[in-house]
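# Examining the three-dimensional arrangement
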Amino acid sequence: MRVTPSKFHTFDNERIIPVVMRATILDASAEKGPPPAIDAAISFEPFISWLKKRISEEHTVKGRIYSETLSRFEASNICRCDMSLADTQQYTELLEYVYACLSPSMKAEDEVAWGLSFPFSPGTFYGTEPLYELLEVRLEYSKYEVTRTAADYRRDWLELFYSFILQRLYNFFVPVTREQHHSGINKATGLLQHYAVNINTDFIDVTATGPLPELDVVQLYAHLSEGGGFEILEELLPLNLFRCRGFCVITVTDVTAQQAIENIEKVRLSRTSLVAEKNFHEVIQALKSLVRNSKIEFDLFPFMRVNGVPVYSLEKGGTGILFEVWGEDRLSPEEFARQAQAFAYRPIYFFSADIFRETRKEYAFLEYFRKQGVKSLGLMPVFHLQELVGIVAVHTWGEDTFDDKSLALLEPARGAIAQLFRIYIEEFNLEIESVIKEKFTSIQPAVQWKFNEAAWQYLYHTKKNLPATIQNILFEQVYPLYGAIDIRNSTVERNKAIVADLVTQLGVLAATLDSLRAVQENDLLKQMIYHCQQWQQELVEERLSPSQENELNRFLNEEAVQYLRHIALQFPKTKATIEACLQSLSGDANKAALESAMQLINLTINDFFESEKNKLQDSYPCYFEKFRTDGVEYDIYIGQSIAPDKPFDHFHLKNLRLWQLSSMVTIAGLTHGLLSKMATKLHTTQLIFVHNHPIDISFRADERKFDVEGAYNIRYQMIKKRIDKVHIRDTEERLTQPNKIALIYSDRKDVEDYLPFIRYLQDTGVLLPEMEELELEDLQGLSGLQAIRVGIVLPE
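Residues numbered from 1 in each chain as written. Predicted model: local features only at pLDDT ≥ 70, side-chain atom pairs only at ≥ 80, totals over all residues. Heavy atoms only, no water.

Another aspect to go through is the packing of helix H16 (residues 490-515) against helix H19 (residues 575-585). Taken N-terminus to C-terminus, the directions of H16 and H19 make an angle of 165 degrees; their axes are 9 Å apart at the nearest point. With respect to their mutual orientation, H16 and H19 come out roughly antiparallel. The crossing of H16 and H19 is left-handed. Here Gln-505, Val-508, Leu-509, Thr-512 and Ser-515 of H16 lie close against H19, whose contacting residues are Thr-577, Cys-581, Ser-584 and Leu-585. The residue makeup of the contact of H16 with H19, split by class, is four nonpolar, five polar and no charged. (Axes fitted to C-alpha atoms, helices over the stretch in contact; angles between N-to-C directions. Helix = DSSP H or I, 4+ residues; strand = E, 2+ residues; numbered from the N terminus. Parallel < 35°, antiparallel > 145°, perpendicular 65-115°, else oblique. Left-handed = near helix turned anticlockwise from the far one by under 90°. Contact = heavy atoms within 4.5 Å. Nonpolar A, V, L, I, M, F, W, Y, C, P; charged D, E, K, R; others polar.)

Structure (structure tokens):
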């Protein structure tokens, strides 16, 4: 290796600053593999021609530098013929003049990675110290892990070479960048470093050694615009067709910071969740690359608000240190909102290289960070359009530290992080809106498009000052599927619970009143005891009407309570006994047990449907709506008008009907499994109403729900409302029974789809082998209904 220090050169008694350059031949191909073979050699003729042209054009002091350089070249004995890499070592002094003419003038040579290389080859023969350091580092496999393959490098080479050929010989400018990007993982830090390599080919002359073929420029442009076509050019324009003389000028720039910011912006532009594992990793790695230290950790804490009040971040967006300090494990929602509001009102920037040294009172909050093992800490509020959108915590663990210079390196990324926070907050707000839309309105994803169209038409007419009305949301010719899971004898069970509670309350009241005779024996007490006994008799004889029940409740909750409190004031020693009685009168143990059991059943059924409703959309979009009664009912609508762009056929309907049967079996098993958890044992019945003809449904804006349209279709709705307690014809037996599925229909053809499914579930041991075919009693305005009933095999 030869390192040649420059001498002081004088241009008309002006001195040029001395520099230290390297004239070392270095083949940096290594992992790239050897470049394709071409007829090429080093020559300074193109540079000399460029100097003459610049001298004639340049009228500033640069012209004197160019003139001096040209005179030096003409006075030298430099070879005007082809030169090899080894030949260049004779002319290091002239190469310094090349550097003086071509290098950036605003930067010192120790800041610029600049050099000269063999034409279209990684063979470098002259350059600045930073360039050689970068090239040598890339050759040290122990320090960097290269992220590109030999095929990647060959593709880059073909792109560079043929874009040069097309420009010079065809006057065709290729729509590709001349800048190549290279990346490597620094094994010492584990972080990616990115470099932009600009290869200037202005000082290369090229000639064709044979006739040049004609090219279809339009087709070629299309290929090259799409990033391809260079491999095709290798066949159309063989490499041995060209002769290249001159040298390349290489400039290498560290673009790690720019690339890190671009990576953050890619996550932002994808509009996907900040805390998704892949996105989170990319953002954090980008920030680590910015500060060039893998031991510096980051935590991203967006500020979400509901009705203007700050709420917890739902997930951790980094190490989770802010989630630990300000999260739900340490602060109540009210306290978090208070602290967050205070911070938003007066956001502070904080940095300490060692938080264990910060002992002032205003830094008391650091104690929570110390407990987590934090050493250095920076807290950076992030704003978007002057609104606080989040905080970035920069910190280290254990004994690792950093200084404020590392924080300064993050400044270029502040805007990208702010936009990332804003998108995260917007996505959170959209999730809130989605839950409201799904849980509290009838607008579901399957029918959202129809509402979008209606809204667009309304806006269009409004903006055009035309009469604006919301069009009717109508879906024609859809197949309805109805199912109901009811709690067996819920009304009877509720009445029994009420009576049991009343019996208990009257018993306690009677005993308490009887005990009061020891302190006061008067007519008022006797009257209270008499009324209590009378009500007890009514309950025993089961003669309690609804109006009498109201009277009894008034007696217990008003008359008896007021009398007992009067006695407690008159005779303080009775206070404990009376307080126990009053507590008993305010309790409804049996009713509470019943309600608890009913809630458990309904919650289980509801959770099942919530888990299933999205799966139903996989086969074909459908509208699914459930209703809360004593149990749970649901309507499903499916048909071509729900999804006009997706072909609908009968198999989609059959798939839903099989799901209806299977889901009823599953629900019966789930509710049966709850019996051991119920103080009051309740059973469910399962009912399906089969309607085999399509109907029309429309959205009723006044009721915010879908309803059937047309007189014939209203009959379907009427049947649904009247069949829940229907009896088998000529019997007192209800159709719906625990541990069974009942299917009601009007015509035998209606259940043809269901029969094979029933046999299938019987053969697989899900349903019992026996199937009842039944006629049902006439209902008001309805006759001729029939039913199938089949038992369910329940888990032991």
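Another point: the state of the cysteines. By the definition in use, this model includes zero disulfides. As a non-bridged cysteine, Cys-101 has Cys-248 as the owner of its nearest cysteine sulfur, 18 Å distant. On the basis of relative accessibility, which here comes to 10%, the residue Cys-101 falls in the buried class. (Disulfide = S-S within 2.5 Å. Buried < 20%, exposed > 50% of the residue type's maximum accessible area, 1.4 Å probe, protein only.)

For strand E27 (residues 740-745), a buried count of five out of six residues is recorded, marking the element as mostly surrounded by other parts of the structure. Two strands pair when backbone bridges link them, and strand E24 (residues 684-689) and E27 are joined in this way by four bridges, in the parallel orientation. In the strand pairing of E27, Gln-686 is matched with Ile-741. In this structure, E27 lies alongside strand E29 (residues 786-792), joined through six bridges in antiparallel fashion. (Pairing = 2+ DSSP bridges.)

A word on the packing of aromatic side chains. For the coordinates displayed, the defined rule picks out 45 aromatic pairs. When the centroid spacing of 5.0 Å and the interplanar angle of 10 degrees are considered together, the rings of Trp-157 and Phe-161 count as stacked. Of this pair, Trp-157 and Phe-161 both sit in helix H5 (residues 150-170), four residues apart, which is roughly one turn of the helix. Note on Trp-157: relative accessible area 9%, which makes it buried. (Phe/Tyr/Trp six-rings, centres within 6.5 Å; stacked < 30°, edge-to-face > 60°.)

Moving on, we get to the nonpolar core. One broad rule of soluble globular proteins: the nonpolar side chains tend to lie buried together. Among the nonpolar cores identified, the biggest contains 63 residues, and Trp-114 and Phe-247 are the most heavily contacted of them. Considering each element in turn, this core owes the most residues, eight residues, to H5. (Core = buried A, V, L, I, M, F, W, Y, C linked by side-chain atoms within 4.5 Å.)

Attention now goes to the environment of Pro-119. Inspection of the secondary structure puts Pro-119 in the loop between strand E7 (113-117) and strand E8 (123-128). Judged by its relative accessible area of 1%, Pro-119 is buried. Pro-119 sits 555 residues away from Leu-674 along the chain, and the two C-alpha atoms are 81 Å apart. Ignoring any residue separated from it by four or fewer positions in sequence, one finds Pro-119 in contact with Ile-38, Ala-40, Ala-41, Ile-42, Ile-204, Gly-246, Phe-247 and Cys-248.

The next point concerns helix H20 (residues 589-619). The first and last C-alpha atoms of H20 sit 46 Å apart over 31 residues, in line with the 45 Å expected at 1.5 Å per residue. The largest bend in H20 comes to about 30 degrees, at Glu-612. (Expected span 1.5 Å × (residues − 1). Bend = angle between axes of the 7 residues up to and from the residue.)

Quick look at the pattern of salt bridges now. A full pass over the atoms with the stated rule returns 38 salt bridges. A salt bridge links Glu-129 to Arg-22; the nearest nitrogen and oxygen atoms lie 3.0 Å apart. A residue pair is termed long-range when its members are at least 10 positions apart, and Glu-129 in helix H4 (residues 129-139) and Arg-22 in strand E4 (residues 20-22) qualify at 107 residues. Residues Arg-360 and Glu-362 are paired through a salt bridge, measuring 3.6 Å at the closest nitrogen-oxygen approach. Here Arg-360 falls in the partly exposed class, since its relative accessible area comes to 49%. For Glu-362, a relative accessible area of 48% corresponds to the partly exposed category. (Salt bridge = Lys/Arg side-chain N within 4 Å of Asp/Glu carboxyl O.)

Along its 27 residues, helix H14 (residues 414-440) runs 38 Å from first to last C-alpha, staying within 8% of the 39 Å computed at 1.5 Å per residue. Every buried residue belonging to H14 is among Ala-416, Ile-417, Ala-418, Leu-420, Phe-421, Arg-422, Ile-423, Tyr-424, Ile-425 and Phe-428, and all of these are buried.

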